[in-house]
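Understanding the architecture of this molecule
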Amino acid sequence: MSRGRRLDRAFSEASAGVDGRSRAWAREAAYGTVRLRGRLDTVLDAFLKRGAKSIDGRLLDVLRLGLYQLWYMGGTPAYAAVSESVELGRSVGGKGGGGLTNGVLRAIERAGPSDEVFPDRKVDPLGYWSAWGSHPRWMVSRWMKRWGESETAKLIEANNEVPRLSLRPMGPVDEAVAMCIERGWEAEEAGFSSGALWVSGVPPAELLDALPGIIQDPGAALVTRYAAVPNAARVVALCAAPGGKAIAAARSGAYVVAGDRSPQRLRLLVDTLRRLRAQGADIAPVWPLAADALDPPVLAADVVLLDVPCTGTGTLRRHPDGRWRITRKTLADLVELQGEMLDRASGLVPKGGYLVYSTCSLEPEENERQVESFLERNRDFEVSPEEGCTPELLDDRGQLLVLPQATGFDGAFGARLRRVRSTSSTAF
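Every chain is numbered on its own, with residues counted from 1 as its sequence reads. In view of the model being predicted, local features appear only for residues whose pLDDT reaches at least 70, and side-chain atom pairs are presented and counted only at 80 or more, with totals across whole chains, interfaces and linings using the full set of residues. Side-chain metrics rest on all non-hydrogen atoms present in the structure, leaving aside hydrogens and water.

Helix and strand assignments follow DSSP, with helices taken as H or I runs no shorter than four residues and strands as E runs no shorter than two, numbered in order from the N terminus. Each helix and strand counted, the protein chain has 16 helices and 12 strands in total. For this measure, only C-alpha atoms enter the radius of gyration; the expected value for a globule follows 2.2 Å times N^0.38, where N is the number of residues. On C-alpha atoms alone, the protein chain measures out to a radius of gyration of 23 Å, which is about the 22 Å that the 2.2 N^0.38 rule sets for 428 residues. Classification of residues uses two cut-offs on accessible area relative to the type maximum, computed with a 1.4 Å probe and protein chains only: under 20% is buried, over 50% is exposed, and between them is partly exposed. Within the protein chain, the fraction of its 428 residues that count as buried is 51%. Summarising the internal contacts of the protein chain: among those between residues at least 6 apart in sequence, 70% fall at separations of at least 24. In short, Shrake-Rupley with a 1.4 Å probe defines the accessible areas, and a residue's cover is counted only from the protein chains shown. Total accessible area on the protein chain stands at roughly 19,800 Å², and carbon and sulfur atoms take up 50% of it. Positive and negative charge centroids in the protein chain, built from 55 and 54 side chains respectively, lie 5 Å apart. What makes two residues a contact is simply this: any of their non-hydrogen atoms within 4.5 Å. Positive: Lys, Arg. Negative: Asp, Glu. His and the chain ends are not part of the count. A charge is said to be at NZ when it belongs to Lys, at CZ for Arg, at CG for Asp and at CD for Glu.

With 5 of 5 residues buried, strand 1 (residues 165–169) lies mostly within the body of the structure. The side-chain alternation of strand 1 yields two buried faces, one formed by Leu165, Leu167 and Pro169 and the other by Ser166 and Arg168. In this analysis, strands are considered paired if DSSP registers two or more bridges between them. Alignment of strand 1 against strand 3 (residues 197–200), held across 3 bridges, turns out to be antiparallel. Among the inter-strand pairings, Leu167 is bridged to a residue of strand 3, identified as Leu197. Relative to strand 4 (residues 213–215), strand 1 runs antiparallel, the two sharing 3 bridges.

Our next topic: the packing of aromatic side chains. Side-chain rings of Phe, Tyr and Trp (the six-membered ring for Trp) are treated as a pair once their centres are within 6.5 Å; stacked means planes under 30 degrees apart, edge-to-face means over 60, and tilted covers the remaining angles. One pass over the structure, following the stated rule, counts 8 aromatic pairs. With a centroid separation of 6.4 Å and an interplanar angle of 70°, the aromatic rings of Tyr357 and Phe413 are classed as edge-to-face. Placement of the pair is Tyr357 in strand 9 (residues 354–359) and Phe413 in strand 12 (residues 412–419), with a sequence separation of 56 residues. What links up through ring pairs into an aromatic cluster is the set Tyr68, Trp71 and Tyr72. Its guanidinium or amino end placed over the ring of Trp132, Arg39 lies 3.5 Å from that ring's centre, counting from NZ or CZ. The ring centre of Trp147 lies 4.4 Å from the NZ or CZ of Arg146, which sits over that ring. Cation placement over rings: the criterion is NZ of Lys or CZ of Arg within 6 Å of the ring centroid and within 35° of the ring normal.

Right, let's talk about the pattern of salt bridges for a bit. Salt bridges, as used here, are contacts in which a Lys or Arg side-chain nitrogen is within 4 Å of a carboxyl oxygen on Asp or Glu. If you walk through the whole model with that rule in mind, you get 26 salt bridges. Across the salt bridge formed by Arg64 and Asp61, the nearest N and O atoms sit 2.9 Å from each other. Here Asp61 and Arg64 lie together in helix 4 (residues 57–72), a separation of 3 residues that amounts to about one turn. Each of the two residues, Arg64 as well as Asp61, counts as buried.

Here we take up the packing of helix 14 (residues 328–346) against helix 15 (residues 368–377). Working note: a packed helix pair is described by the angle between its axes plus the distance between those axes. Direction vectors running N to C along helix 14 and helix 15 enclose 45°, while the axes themselves pass 10 Å from each other. Here helix 15 runs oblique to helix 14, going by the angle between their axes. Where helix 14 crosses over helix 15, the two elements pack in a sense that is right-handed. On helix 15, the residues that touch Val335, Gln338, Gly339, Leu342, Asp343 and Ser346 of helix 14 are Gln370, Phe374 and Arg377. In this description, a line fitted to the C-alpha atoms serves as the axis of each element, helices being fitted only across the stretch in contact, and the angle between N-to-C directions of two axes falls anywhere from 0 to 180 degrees. Oblique is the label for any angle not covered by the other classes, which are roughly parallel (under 35 degrees), roughly antiparallel (over 145) and roughly perpendicular (65 to 115). By definition, any crossing whose near helix is turned counterclockwise from its far helix by less than a right angle is left-handed, and any crossing with a clockwise turn is right-handed.

With that out of the way, let us pick up unusual backbone geometry. Going from Ala241 to Pro242, the amide bond is cis rather than trans, its omega being 10°. With respect to the helices and strands, the residue Pro242 is situated in the loop between strand 5 (234–238) and helix 11 (244–251). Phi is positive for Ser134, which is not a glycine, with a value near 60°. Assignment of secondary structure puts Ser134 in the loop between helix 6 (125–131) and helix 7 (137–159). Of note in the backbone geometry, Ala228 takes a positive phi value of approximately 50° without being a glycine. With respect to the secondary-structure elements, Ala228 resides in the loop between helix 10 (218–227) and strand 5.

Core analysis: the largest hydrophobic core is formed by 39 residues, its most contacted members being Leu44, Leu48 and Leu67. Where this core is concerned, the elements lending two or more residues are helix 3 (37–47), helix 4, helix 5 (78–111), helix 6 and helix 7. The element that contributes the greatest number of residues to this core is helix 7, accounting for 8 residues. If we skip the residues at most four places from it in the chain, Leu48 touches Ile55, Leu63, Leu100 and Val104. Joining through side-chain atoms within 4.5 Å is the link that ties buried Ala, Val, Leu, Ile, Met, Phe, Trp, Tyr and Cys residues into a set, and such a set is a nonpolar core.

Let's shift gears to helix 3. Those residues of helix 3 that sit buried are Gly38, Arg39, Leu40, Asp41, Thr42, Val43 and Leu44. Among the structural elements, helix 2 (20–35), helix 4, helix 5, helix 6 and helix 13 (322–325) are those in contact with the buried residues of helix 3.

In structure tokens form, the structure reads like this:
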């Protein structure tokens, strides 16, 4: 578990060259251990004299991994999980590390799974959902104040599920479902008019080779539908990589400049465009450009797509390490940055044009309150959703709000803002 690094990047590097079956096993073990870290630590606390916090970080990771294998990876025999963990424990902590690992995991194996080490849900629901639900206490507290225990429990349970594979095809979703079924893969429309489908029984690379499309959760796909980019519009997508929203705009016939600070991530967009065009997809021109959203690469555009950096609390099932990386300060810093990006992006939009602000966050400060604050500073903009755009997922103001506990999708937020006057109060 590389500390201080994103799990997806660390795992990708560590598993390079590993065969498919071994890689799948390693991914389940790594992602599952990170996902349930809070639950595992609560159990380990009960079997360590001085608690989990007293253990060296690398050795604690070994114990977490061993416990996850014992309880949640049924294909791994208990003796194998323990013996392999003991070897790992010895490699990071010497003889003492191996002995501690053996003693703790053997004791847990003998005791078997039990709820007794967790707070009583009826007496301390916040403590229970933080420990058993494996989420930071401050995060659970925020959600419970907003939604109550029942909805928060549904969200936490959704976050702890292994995410399904979703494809947004370049063609009609019903035809893509039929093509998958013809190949013996399980497939079904994701619903909510997202234009995406769930697929199982096939590796992502094989799916993409067979069908022109992109791997994208239906929640993100709904944002592109909500944006309703007009045909032949001039579009600039900021913070664009890996490019799903920019490609969707080009698919509708728009001419797109896709800007992102990371040249490496922009290469993902370039590779996707090459693959789709080789597969015969009809996509208007897209110009990838290394650029910062605080210093936009164009002077004006009919539509600005601003997919800001955010806490990502809507995608914690897909990025389980996010729950442990995010802090209250992270949230505050991102809110300030998002506001600056909104003000900069608004200067590109002429009268009658659109600024589409989106996040994959569930937090009001990044979503509804951020837009409200922007509109107070910029009286020449108003929320203007396209008519008929999935009304059951729009709030009273016409903003898109996708909740994992209600849809089974990743969380997402979108606000389609139209400039109704030609002057702006925002000063740079």
